[in-house]
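Read off the chains here:
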There are 2 protein chains.
Amino acid sequence: LNRQRIEEIGEQGLLKRLQAFCPVDMVGDDAAVLTIHPEKRLVVTTDMLVDGVHFSDRTTRPEDAGWRAAAANLSDLAAMGATPLGITVALGLPGSLEVEWVERLYRGITDCLHPFNTIILGGDLVRSPKITISITALGEVHPEQLICRSAAQPNWAIVATGDHGASRAGLELLLHPEQGVDLKVSDRDFLIYAHQRPQPRFDVLPILDRAEKSTATGSGQTAASRAGMDSSDGLADAVLQICRASGVGARLQRSQIPMPPALANWLPHQCLQWALFGGEDFELVLCLPMDTAQKLVDQLGGSAAMIGITTVEPEVWLVDSSGRYPNEQLSLEQGFQHFS
Amino acid sequence: LNRQRIEEIGEQGLLKRLQAFCPVDMVGDDAAVLTIHPEKRLVVTTDMLVDGVHFSDRTTRPEDAGWRAAAANLSDLAAMGATPLGITVALGLPGSLEVEWVERLYRGITDCLHPFNTIILGGDLVRSPKITISITALGEVHPEQLICRSAAQPNWAIVATGDHGASRAGLELLLHPEQGVDLKVSDRDFLIYAHQRPQPRFDVLPILDRAEKSTATGSGQTAASRAGMDSSDGLADAVLQICRASGVGARLQRSQIPMPPALANWLPHQCLQWALFGGEDFELVLCLPMDTAQKLVDQLGGSAAMIGITTVEPEVWLVDSSGRYPNEQLSLEQGFQHFS
């Protein structure tokens, strides 16, 4: 008799077992894709957040919990190249919870949705001993603009659209305020804000389209070529997931990983670890032909960076061209295991 | 300062407060409607179920919990006149839960989806102290075939597509097995099965279309006219919700409420209460012009029935044409209050 428990096989193990019930590859992308029209794909993603596991009153005001829940789902749409149509919100709530808490949660959600002209379409309210937030986001995308994990080819550039590590640093400051006493107030606030108010990167999508079009004209290419996902589970995880899905490897340049100066100055020995494995920065990690990548990074500006290159060999390496640090191989096992 | 708690204002009170954050009427229909194409509407509905609140191992095997969760969401699509495109499943699970439990839950979900050619599109797996199931279902419908709560007109017939009260009776037998000792085994199994394996009534939709078309030709009508919802929260609740949304009232004929003989024979004094307020029968409650309703009921057969008529006066009455019972006014307050 099979008495194995979830904690024994972990999230990835459970996903593999449940894959048997799903005709499509659940683990394959940030969101599912449905053909609803020859020129349009519907993109659907869903997330559940549980009080005490994914957020807590200790570090997260209800408006921030709402913003972060909405941003995580919107980021999954952006990671697929899609623009948002709306979200549903199902809430499990203890009867003893103050009404104001729920109103503040909703305010955070709608504040996050507002700049993208998207709305709460509907939801469900039920009784639950633990506050539980389940959001499903719907978006649409033209089939040529879809971004999948599995489309990367060798010798493409790997682009990170912005800084990494700030969200993890902000969480640390919220959990252990005493650790930030030497920080400038503006640096401290910047890192905490990065954790509380992550921004889904829909702004990248039209810039990526333009970068592709301009290089296609110049080099005679016709079809758009792009792969990617968001860095919600960390920058290293994103690169590893894209490589595994695409059957390629990667060489990441240690010196090119974009990190906020506020973090690099504060914790110079810790920051790379958080940038690679911290998660929840919600940037996009894209694999693109070299000239498209260069145009995208130039046009994005800020801390967008080409962080490495995809390879035929399937391993993912973090390399240091200065020779100061040994090359390190990265693996999915180093990442976050939600049930461990 | 506002320190009001959710249990003080209840589910309806909380919904009203949160309505401020939603541009569309969240309380308005079983599902939200999005225009994705001139000829097509996307229909989205979401539900959350919590262990110990909505199901328990005492009465519900994991495969039945999965089936019921899927059926409830599919029923919301059917209630809008929509056909299903797929569902997402977000699960909150304790690490100590057996993997087999989750596989059995998924089997129940996919068994329910299978006859309707619909699939699990994706989902999320997270750690949670209580098993929590959040399903979002997507469907599509031609705008003329959409069924809304608010479209009923006075002097339309009210149709119930099948028996009511069986699910509540089945739950009673699961909670208190000793109460069913006088029941025939086949009656007992029938009632329990009605609770464990409710059927979303997609089969009604093409029959309704045909009934409308045949009466439109006969009487010179052009536009389809239909209103309705499902009876997930009870038959009385469905009639009351439709009436409130449409600004009409209703007279329901006590003798016409369809109830399974297995229940009527077992508990003749209890069965009407359960049929009206028990809930979870997942039949459709439709308001239709008289001739369409008659055709629909004839063609559906089984226990489908015309149970009453809509009225200009806004009250909803349960009347007894035999004069044996006094007329009773029904109200939403008699129904289920999830947070009370």
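Residues numbered from 1 in each chain as written. Chains lettered and ligands numbered in written order. Predicted model: local features only at pLDDT ≥ 70, side-chain atom pairs only at ≥ 80, totals over all residues. Heavy atoms only, no water.

Remarks on helix 10 (residues 290–300) of chain B
Residue and element names in this part refer to chain B. Of the residues making up helix 10, those classed as buried are Thr292, Ala293, Leu296, Val297 and Leu300. Down the axis of helix 10, the sector holding all buried residues measures 130°, keeping them to one side. Of the residues trailing helix 10, Gly301 is marked for its positive phi of about 60°. (Buried < 20%, exposed > 50% of the residue type's maximum accessible area, 1.4 Å probe, protein only. Helix = DSSP H or I, 4+ residues; strand = E, 2+ residues; numbered from the N terminus. Arc of directions from axis to C-beta.)

A few points about the pairing of strand 1 (residues 32–37) of chain A
All names here are of chain A. Of the pairings in the sheet, the one linking strand 1 to strand 2 (residues 40–50) comprises five bridges and is antiparallel in character. By the bridge assignment for strand 2, Leu34 is matched with Leu42. Here strand 1 folds back onto strand 2 in antiparallel fashion, the turn holding two residues. (Pairing = 2+ DSSP bridges.)

With respect to the relation of the copies chain B and chain A
Copy one and copy two of the chain differ by a rotation about a common axis and a shift along it. For the match of chain B to chain A, the screw axis carries a shift of 0.0 Å, the RMSD comes to 0.0 Å, and the turn is 180°. Accordingly, the operation relating the two chain copies is best matched by a two-fold axis. Mapped onto chain A, 100% of the interface residues of chain B again fall at the interface, so both copies present the same surface. (Least-squares fit on C-alpha atoms with pLDDT ≥ 70 in both. Contact = heavy atoms within 4.5 Å.)

Considering the pattern of salt bridges
Residues and elements named next belong to chain A. Scanning the entire structure with this criterion turns up 26 salt bridges over all chains. Residues Glu212 and Arg226 are paired through a salt bridge, measuring 2.9 Å at the closest nitrogen-oxygen approach. Of this pair, Glu212 sits in helix 6 (residues 204–219) while Arg226 sits in the loop between helix 6 and strand 7 (227–230), and the two are 14 residues apart along the sequence. On the accessibility criterion, Arg226 (5% relative accessible area) is buried. Through salt bridges with shared partners, a single network forms among Arg61, Asp64 and Arg197. (Salt bridge = Lys/Arg side-chain N within 4 Å of Asp/Glu carboxyl O.)

Here's the deal with the interface of chain B and chain A
Contact with chain B, which involves 66 residues of that partner, is made by 66 residues of chain A. Summed over both partners, the interface of chain B with chain A comes to about 6300 Å²; 69% of that surface belongs to carbon and sulfur atoms. Here chain B and chain A share four salt bridges between them. The partner of Glu98 of chain A in a salt bridge is Arg3 of chain B, with the nearest N and O atoms 3.3 Å apart. Joining chain B to chain A, the criterion identifies 20 residue pairs in polar contact (both at pLDDT 80 or more). Broken down by secondary-structure element, the contributors of at least two residues to the side of chain B that touches chain A are helix 1 (6–18), strand 1 (32–37), strand 2 (40–50), strand 3 (83–93), helix 3 (99–113), strand 4 (120–127) and strand 5 (132–141) of chain B. Class assignment for the residues of the side of chain B that touches chain A results in 35 nonpolar, 17 polar and 14 charged. (Buried area = accessible area lost by both parts, 1.4 Å probe. Polar contact = N/O pair within 3.5 Å; in protein donor to acceptor, adjacent residues only side chain to side chain. Nonpolar A, V, L, I, M, F, W, Y, C, P; charged D, E, K, R; others polar.)

Re the state of the cysteines
Counting across every chain of the model gives zero disulfides over all chains. Here Cys22 of chain B is not disulfide-linked; the sulfur of Cys112 of chain A is the nearest cysteine sulfur, at 15 Å. (Disulfide = S-S within 2.5 Å.)

Comments concerning the sheet that holds strand 7 (residues 227–230) of chain B
All names here are of chain B. Spatial ordering of the open sheet is given by 7-9-6-10-8-11-12, a layout of seven strands whose pairing is mixed. The outermost strands of the open sheet, each flanked by one partner alone, are strand 7 and strand 12 (328–330). Taking the axes of each pair of neighbouring strands and ignoring which way they run, one obtains an average angle of 25° across the sheet. Helix 2 (residues 62–79) rests against strand 7 and strand 9 (284–288) of the sheet, and its axis sits at about 175° to strand 7. Packing of helix 10 onto the sheet brings it into contact with strand 6 (157–160), strand 9 and strand 10 (305–311), and relative to strand 10 it is tilted by some 165°. (Axes fitted to C-alpha atoms, helices over the stretch in contact; angles between N-to-C directions.)

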